[in-house]
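Remarks on the overall topology
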Amino acid sequence: MRILVTGGAGFIGSAVCRHLVQAGVERVVNVDKLTYAGNRQSLRAIENAPNHVFLQADICDDAALLDIMKAERIDAVMHLAAESHVDRSIDGPAAFVETNVVGTFRLLNATLTYWRELSSEEQERFRFHHVSTDEVFGDLPFDSGIFTEETPYAPSSPYSASKAASDHFVRAWHETYGLPVVLSNCSNNYGPYHFPEKLIPLVILNALDEKELPVYGKGANVRDWLYVEDHARALALVVGKGEIGESYNIGGRAERTNLSVVETICELLDGRRPRKGGKSYRDLITFVTDRPGHDRRYAIDPSKIERDLGWQAQESFETGIARTIDWYLENEWWWGPLRAERYKGERLGHGHQKAKAG
């Protein structure tokens, strides 16, 4: 199979490319615009692999994407390119609409043009796999409920709204034009090569720098955590074996409050890299003003992909977070330049707080 991966230099995209290449997929064509979160260093392990090629391109450039599909004789598209940070979407929603909505639209058009020119046998084999998020479903009460593939959409942030829109476009291109699509919606990913603006790498690296560990509100918000390499295995199954027109929820069955996640990181770092003076990293935890529209709880029911495609998460949160911390401790070559040049740990998404009533 010859697979085009969009956003393949990003966090999840690079994990997918590493997995596909190492699994022996015939050809992995990695397309990325290389925005602030795209990093070719995340591909170092496969940069010389004969079945991997990297091409810098923008998904909004439909002509360029069509040329790539034709030249590479693509059998499947795995669409991961997206702006994905909620806080950044609060500060600047325009980029999220441009990439996640307009970019997906243009990629769909290019793909449809390409697909229509294939032979009937090639059309039957082709797949367009759209990778999305559980945030499109809105949020859940703290004490009940779980997201299934039938949960109605109710996005809360500019980010989740843009992803919800892209999901709808993908389904529309299937229903209207017959494009063979599959979709997946995942819970919060974590693991190696995660850009340091996100909670887990931010806490790890701030702790190592003896900086405050910011926790929104009281830290009570709940997320389901999915180790990124488990997600990459799931996505490979979806694009290869998923049923056309279906969606698959992918989660780690690992709900944790944000405060619990931060405290776990502190406890593990206390054992692996003790602070000078013997204090705990927990002393660095600082509660900060919550972000606007902060969803209370996400929880994914992955029963469908477990049942239909035979996928199971291999990492528990305990094993996955330990592996993640160990990776950051051992790979400053990757994150050091990012902290120095692109993101030093400053607060995002705070400049447009809702005015308080009265």
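So, here is what we can say about the structure in this document. Predicted model only: the values in this text are computed from it and were never measured.

As a volume, the second largest pocket reaches approximately 150 Å³. Taken together, Ala15, Arg18, His19, Gln22, Glu229, Ala232 and Arg233 form the lining of the second largest pocket. Counting only elements with at least two residues in the lining of the second largest pocket, the list comes to helix H1 (11-22) and helix H8 (228-241). The dominant element in the lining of the second largest pocket, judged by the number of residues it contributes, is H1, at 4 residues. Grouping the amino acids of the lining of the second largest pocket by side-chain chemistry returns 2 nonpolar, 2 polar and 3 charged.

A few words on the sheet that holds strand S6 (residues 181-186). One key point about sheets: their strands pair by backbone hydrogen bonds, in either a parallel or an antiparallel sense. Read from one edge of the open sheet, 7 strands run S3-S2-S1-S4-S5-S6-S10, paired in parallel fashion. Only two strands of the sheet have a single neighbouring strand rather than two, namely strand S3 (52-56) and strand S10 (247-250). Each neighbouring strand pair of the sheet contributes to a mean axis angle of 20 degrees, computed without reference to strand direction. With 5 bridges joining them, strand S2 (residues 27-32) and S3 adopt parallel strand pairing. Bridge pairing links Val29 to Val53 in S3. Set on the sheet, helix H6 (residues 158-177) makes contact with strand S5 (127-133), S6 and S10; between it and S5 the angle comes to about 155 degrees.

So, on to the nonpolar core. Formed by 35 residues in total, the largest nonpolar core has its most connected members in Val5, Val16 and Met78. Taken together, the elements giving at least two residues each to this core come down to strand S1 (2-6), H1, strand S4 (76-79), S6, H8, S10 and helix H10 (303-309). Ignoring sequence-local partners within four residues, the contact set of Met78 consists of Ile3, Leu4, Val5, Thr6, Val16, Leu20, His129, Leu235, Ala236 and Val239. Of all hydrophobic cores here, the second largest spans 30 residues; its members include Phe195, Ile204, Leu259 and Trp334.

Attention now goes to the packing of aromatic side chains. By the definition in use, this model includes 17 aromatic pairs. Consider the rings of Trp173 and Tyr177, whose centres lie 5.2 Å apart with planes at 65 degrees: the pair is edge-to-face. A residue pair is termed a helical-turn pair when its members lie 3 or 4 positions apart in one helix, as Trp173 and Tyr177 do in helix H6 at 4 residues. Looking at Tyr177, the relative accessible area reads 36%, which means it is partly exposed. The rings of Phe105, Phe169, Trp173 and Tyr177 are connected pair by pair, giving a single aromatic cluster. A cation over a ring is seen here: Arg88 above Tyr36, with NZ or CZ 3.9 Å from the ring centre. The aromatic ring of Tyr248 is capped on one face by Lys304, whose charged end is 4.9 Å from the ring centroid.

How each quantity is defined
Residues numbered from 1 in each chain as written. Predicted model: local features only at pLDDT ≥ 70, side-chain atom pairs only at ≥ 80, totals over all residues. Heavy atoms only, no water. 1 Å grid on protein atoms, 1.4 Å probe; cavity = no way out; pocket = protein on both sides within 12 Å on 5 of 7 lines; lining within 4 Å. Points joined across faces, edges and corners; volume = space filled by probe spheres on them. Helix = DSSP H or I, 4+ residues; strand = E, 2+ residues; numbered from the N terminus. Nonpolar A, V, L, I, M, F, W, Y, C, P; charged D, E, K, R; others polar. Pairing = 2+ DSSP bridges. Axes fitted to C-alpha atoms, helices over the stretch in contact; angles between N-to-C directions. Contact = heavy atoms within 4.5 Å. Core = buried A, V, L, I, M, F, W, Y, C linked by side-chain atoms within 4.5 Å. Buried < 20%, exposed > 50% of the residue type's maximum accessible area, 1.4 Å probe, protein only. Phe/Tyr/Trp six-rings, centres within 6.5 Å; stacked < 30°, edge-to-face > 60°. Lys NZ or Arg CZ within 6 Å of the ring centre and 35° of its normal.

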